[in-house]
Amino acid sequence: MTVPNTPPDPADAVPADAVPAPHAEAGPPAARDPYALPPGPDLVDGKEQPAEPMAQRLLPELRVGAATVLACLVLGVVMGGLWAWLAPRVPLVVDGNKILYGDPEGEQRAGADSVFVLLGLGMGVLTALGAFLVTRKRGGGIAVAVGLAAGGLLASVGAWGLGRWLGPGSDLVAEARRVGDGGHFQADIDLGAYGAVLAWPMAAMVLLLALSAAFGKREEDPPPYWVPGPAAVDAGAPADRREG
């Protein structure tokens, strides 16, 4: 029995591009393009990750700065007490209806300024060294410098006011009436040079910068993105060269 030779139905034909190609042998991974741009932002499910809120990023810095200012204010109370104790007194004497210096050639006023400056320098060194040692692992930061500058200035002004309050009274007429004619008493302590309040913050800033430059935390800079790394070079090398 003869079977009629019928042409194949075009609908049953399989497209050429639908035929799977033979599995190609996997070659070495492609080398990284040395001129490629740096990778973009991390994506999650095709969407860019939300940026961290500004307040959340600034909160640790604000805490460090506030703690630095608070420590300076506490030491400012100590400095005020030391200044009231160590500052030389200006002796005064009552002569009739006049108040005269007990030591006309004395340098007690200048001595009070000098003691305040020396105490400020010492407190500046102490606070800068403490702040550097405490914040060295985190790499310091602008909050430490700002806290030292603002805290040192506020503490110096507070120590000035506290020393005047703890020292002799500033009402000379009342003191002269209290001791009477020929009596001796002491004048209040005060700063003749108001720039002395800058000794603390300036010393703290200079020492902090010096310590950070000499012993601060070092982080190795990453290579530029156009320089291929060793992994990329090895990956792009031929297999026979890598084996040999």
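Residues numbered from 1 in each chain as written. Predicted model: local features only at pLDDT ≥ 70, side-chain atom pairs only at ≥ 80, totals over all residues. Heavy atoms only, no water.

J.: What is the right way to read the sheet that holds strand S3 (residues 91–95) from this model?
T.: Think of a sheet as strands paired side by side through backbone hydrogen bonds, with each pair either parallel or antiparallel. Read from one edge to the other, the open sheet built from 3 strands follows the order S4-S3-S5, with strand pairing classed as antiparallel. Two strands in the sheet have a free side with no partner beyond their single neighbour: strand S4 (98–101) and strand S5 (184–186). Going from strand to strand, the sheet's axes swing by 35° on average, the running direction of each strand aside. The pairing of S3 with S4 spans 4 bridges and is classified as antiparallel. Note on S4: the bridge partner recorded for Val93 is Leu100. Seen against the sheet, helix H4 (residues 172–179) touches S3, S4 and S5 and runs at an angle of roughly 150° to S5. (Pairing = 2+ DSSP bridges. Helix = DSSP H or I, 4+ residues; strand = E, 2+ residues; numbered from the N terminus. Axes fitted to C-alpha atoms, helices over the stretch in contact; angles between N-to-C directions. Contact = heavy atoms within 4.5 Å.)

J.: Which parts of the structure should I look at to understand helix H5 (residues 199–215)?
T.: Helical periodicity: at 3.6 residues per turn, an α-helix aligns residues three or four positions apart in one direction. The end-to-end C-alpha distance of H5, which contains 17 residues, comes to 24 Å, matching closely the 24 Å that a straight helix rising 1.5 Å per residue would cover. For H5, the set of buried residues is Ala199, Trp200, Pro201, Ala203, Ala204, Leu208 and Leu211. (Expected span 1.5 Å × (residues − 1). Buried < 20%, exposed > 50% of the residue type's maximum accessible area, 1.4 Å probe, protein only.)

J.: Explanation requested: a nonpolar patch on the surface in the structure shown.
T.: A contiguous nonpolar surface patch, about 340 Å² in accessible area, is contributed by Leu153, Val157, Leu198 and Met202. Structurally, the position occupied by Met202 is in helix H5. (Patch = residues over 30% accessible without salt bridge, like charges linked within 9 Å, V, L, I, M, F, W, Y side chains within 5 Å. Areas by Shrake-Rupley, 256 points an atom, 1.4 Å probe, with all protein chains shown as cover. Salt bridge = Lys/Arg side-chain N within 4 Å of Asp/Glu carboxyl O.)

J.: Could you clarify how one ought to interpret the environment of Lys217 in this entry?
T.: Summarising the element assignment, Lys217 is placed in the loop between H5 and helix H6 (230–236). Taking the C-alpha atoms as reference, Lys217 lies 6.4 Å from Arg136; in sequence the two are 81 residues apart. Not counting residues up to four positions away in its chain, the partners in contact with Lys217 are Arg136, Lys137 and Gly139.

J.: Honestly, the confidence of the model for the protein chain in this entry has me stumped. Any pointers?
T.: Looking at the protein chain, pLDDT values average 77 and 66% of them are 70 or higher. Looking at the elements of the protein chain, mean pLDDT is at its lowest for helix H7 (residues 239–243), recorded as 46, and at its highest for helix H3 (residues 142–166), recorded as 94. Note that pLDDT drops below 50 for residues 231–237; the model gives that stretch 10 contacts with residues more than four away or on any other chain. Within the model, pLDDT remains below 50 along residues 239–244, and this stretch shows 4 contacts once partners closer than five positions in the same chain are excluded. (pLDDT = per-residue confidence, 0-100.)

J.: What is the right way to read the nonpolar core from this model?
T.: Generally speaking, soluble globular proteins have nonpolar side chains that are buried together. In this structure, Met79, Trp83, Phe116, Leu148, Leu191, Trp200 and Leu208 are the most contacted members of the largest nonpolar core, which totals 29 residues. Elements with a minimum of two residues in this core: helix H1 (54–86), helix H2 (108–135), H3 and H5. It is H2 that contributes the most residues to this core, 8 residues altogether. Excluding residues that lie within four positions of it along the chain, Leu148 makes contacts with Thr68, Cys72, Thr127, Ala128, Ala131, Ala204, Met205 and Leu208. Leu92, Val94, Ala176 and Phe185 belong to the second-largest nonpolar core, a separate cluster that totals 6 residues. (Core = buried A, V, L, I, M, F, W, Y, C linked by side-chain atoms within 4.5 Å.)

J.: It is not clear to me how the packing of aromatic side chains should be interpreted in this structure. Could you clarify?
T.: Geometry of an aromatic ring pair is reported as the spacing of the ring centres plus the angle between the planes. The tally for this structure, following the rule as stated, stands at 2 aromatic pairs. The interplanar angle of 75° and the centroid separation of 5.1 Å between the aromatic rings of Trp83 and Phe116 together place this pair among those described as edge-to-face. Placement of the pair is Trp83 in helix H1 and Phe116 in helix H2, with a sequence separation of 33 residues. Both residues of the pair, Trp83 and Phe116, belong to the buried class. On the basis of an interplanar angle of 40° and a centroid distance of 5.3 Å, the ring pair of Trp160 and Tyr194 is categorised as tilted. Pair noted here: Trp160 is in helix H3 and Tyr194 is in the loop between S5 and H5, with a separation of 34 residues, a long-range link. Judged by its relative accessible area of 19%, Trp160 falls in the buried class. (Phe/Tyr/Trp six-rings, centres within 6.5 Å; stacked < 30°, edge-to-face > 60°.)

J.: Please clarify how H3 should be interpreted in this entry.
T.: Along its 25 residues, H3 runs 35 Å from first to last C-alpha, staying within 8% of the 36 Å computed at 1.5 Å per residue. When we look at burial in H3, the residues that qualify are Ala143, Val144, Ala145, Gly147, Leu148, Gly151, Gly152, Ala155, Ser156, Ala159, Trp160 and Gly163.

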